[in-house]
Structures are given as C-alpha cells and as structure tokens.
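What follows is each chain in one-letter form.
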Amino acid sequence: MKKDNKIRLGFFYYDLCNLYGDSGNVMILVHHLEAQGAKVIVDRLTVDEPKKIEKYDWIYMGSTTDRGLLLALMDLRKYKTALAYAIEHGTHILATGNSFELFGKELRMGSKLYHGLGLLDFSTKYGPRIVNDLMEPYIGFENHPGVTVESKEAPFVDLDDRKEGVVRNNFIGTYTVGPLLVRNPAFLRSYVEAILRRKDPGFEIKPMDLHLEQAVYEASVEELSKPHVTY
C-alpha cells in the first residue's frame, strides 16, 4: 500500500446492533485487511459518542431490536449531512439486518410512522415477520417484519423470487445476517479488494487464504440444500 496504510473502520452501535453475530463481519474484515499489510484501526462507538464520519474507510451497522433501531436513528440524525457526503463520495458502508432501514425515508412500525434519515430513496413498512434461511445468491439468514417499498435504489438481491436490500455507490443494505462476510467467501474477497483499492487504486492484492470460510460455505450449501421450512 501507499505510505498511509491505515484503514479506519467504524463499527457503529456495536452494543445495540449485534443480534446475529454481526461483529463477526468486523472481525473477519480486520483479519483479511491486516493479512494484506494494512494497519487497521477499529472504532466501536455507541449512542452519544462522537462519530467523525469523514475519517472512516468503512462503516458498519448490524441488526438490532426496534428500540435499538430508534435509539440509533435519533443519534444518527446529528450526522445526516456527513453521511450523505460519505454515501455520494463512495465511502464503504455496510448495514445488515434492519439497520439499513434507517437510511430510507420512512419506517412504519405497526401504527407508528417514523421519519428515517432520508439519505436513500426507499421506505419500510412492517408486516408479518419473515424468517428464512438463505442460500441464493448469498448464504445467510433473515428474520424481520420490515419490507422495502417505493424504492428507487438498486436492490442488493435481485432474483425472480426474492428482491431485497438497497445499493447506492458503495453503500450496501441487506436483511441478510448470519454474518454475511463470514459465510460468503467470494463476496468477502471482492469486498476486501474494493476497500483496499479505494484507498490505493494500484494496490496488488495478495492471494487470500479463505479455506476455512470456503469450508463453512460448502457445509452451509449442503445443509440448506435439504428441505427446510420458511416461516
């Protein structure tokens, strides 16, 4: 890498947004970035702790409860302008589980309507809870009552029988949890490359040792290929 080989990661609401082992996404990303020679600095921040959005190469939020979601929403409103700049200028942001709902226009929880950050052009309405193991195109798990509606953003998953999540520039929002990066080695590889090459476009990626992640992936595919119930 260039002389500045620091990669700064912001794990926002690490205590609230970590229902499904979401911290595993941070841990595995740090491991593979360091294996590429980067010096990785992780800030684990929660409500009311200052968040200097502009300094991060990657921001992560995981899944949370309804209460946690609203606490995060109230806190993030202070950083709306900085987050808008980060999204439009290509900062890598990954929001898994229901945390990506915060970035839309509205969240409808039962009879209550909350205004989101409005940084992306979609809304969320709540209905019957969806609980499902996922295999295509990513291994994972979903457990959420929220459904994306009125979206003008590209979906993260775009299959005939399932469309979900939102993508704009380097922002990815998806209900897929489990955690996503740990269970999907091909996606992990491309994600590590994208973060490093945003920092240094000429960076030469070393071969990545993903044999453990690949073994987990193959075991998951085998298990999920068996009949299972969707709720």
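These lines cover the structure that appears in this document, whether it is placed above or below. Everything numeric here is computed off the predicted structure, so don't read it as measured data. (Residues numbered from 1 in each chain as written. Predicted model: local features only at pLDDT ≥ 70, side-chain atom pairs only at ≥ 80, totals over all residues. Heavy atoms only, no water.)

## With respect to the overall build of the protein chain
A tally of helices and strands in the protein chain yields 6 helices and 12 strands. Against the 2.2 N^0.38 benchmark of 17 Å for 231 residues, the protein chain shows a C-alpha radius of gyration of 17 Å, consistent with a compact globule. Reported as C-alpha extents along the three principal axes, the dimensions of the protein chain are approximately 55 × 45 × 30 Å. When the accessible surface of the protein chain is totalled, it reaches about 11200 Å², and 53% of it is carbon and sulfur. Looking at the protein chain, you have 29 positive and 32 negative side-chain charges, and the mean spots of the two groups are 7 Å apart. (Helix = DSSP H or I, 4+ residues; strand = E, 2+ residues; numbered from the N terminus. Rg over C-alpha atoms; globule rule 2.2 N^0.38 Å. Areas by Shrake-Rupley, 256 points an atom, 1.4 Å probe, with all protein chains shown as cover. Lys, Arg positive; Asp, Glu negative; His and termini not counted. Charge placed at Lys NZ, Arg CZ, Asp CG, Glu CD.)

## Brief notes about the sheet that holds strand β4 (residues 92–96)
Strand order in the open sheet formed by 6 strands is β2-β1-β3-β4-β12-β11, and the pairing between neighbours is mixed. Looking at strand neighbours, the two that pair on one side only are β2 (39–45) and β11 (166–168), the edges of this open sheet. Averaged over all pairs of adjacent strands, the angle between their axes in this sheet comes to 10°, without regard to strand direction. As paired elements, β4 and strand β12 (residues 171–174) share 4 bridges and run parallel to each other. The residue bridging T96 from the neighbouring strand is T174, located in β12. Its contacts with the sheet put helix α5 (residues 185–199) on β1 (6–12), β3 (58–61), β4 and β12, and the angle it makes with β4 is roughly 150°. (Pairing = 2+ DSSP bridges. Axes fitted to C-alpha atoms, helices over the stretch in contact; angles between N-to-C directions. Contact = heavy atoms within 4.5 Å.)

## Let's talk about the sheet that holds strand β6 (residues 112–115)
In space, the 4 strands of this open sheet follow the order β6-β5-β7-β8, with mixed pairing throughout. What marks the edges here is a single partner per strand, and that holds for β6 and β8 (140–149). When the angles between neighbouring strand axes are averaged without regard to direction, this sheet yields 40°. Inspection of the sheet shows strand β5 (residues 106–109) paired to strand β7 (residues 123–134) by 2 bridges, in the parallel sense. Bridge pairing in β7 links L107 to T124. Against the sheet, helix α2 (residues 66–76) makes contact with β5, β6 and β7, and its axis sits at roughly 155° relative to β5, the strand it touches most.

## Considering helix α6 (residues 211–224)
Since there are 3.6 residues in each turn of an α-helix, residues three or four apart along the chain are aligned in direction. Spanning 14 residues, α6 covers 20 Å between terminal C-alpha atoms, matching the ideal 20 Å at 1.5 Å per step. Listing the buried residues of α6 in full gives E213, S220 and L224. Down the axis of α6, the buried side of the element spans an arc of 25°, and every buried residue falls inside it. Residues of α6 that are exposed and angled more than 90 degrees away from the buried face: H211 and E222. Lining the buried residues of α6 we find α1 (23–35), β7, α4 (180–183) and α5. (Expected span 1.5 Å × (residues − 1). Buried < 20%, exposed > 50% of the residue type's maximum accessible area, 1.4 Å probe, protein only. Arc of directions from axis to C-beta.)

## Side note on the side chain of D43
Residue placement: D43 occurs in strand β2. On the basis of relative accessibility, which here comes to 18%, the residue D43 falls in the buried class. If near-sequence neighbours (up to four positions away) are discounted, D43 is found in contact with L9, G10, F11, K55 and Y56.

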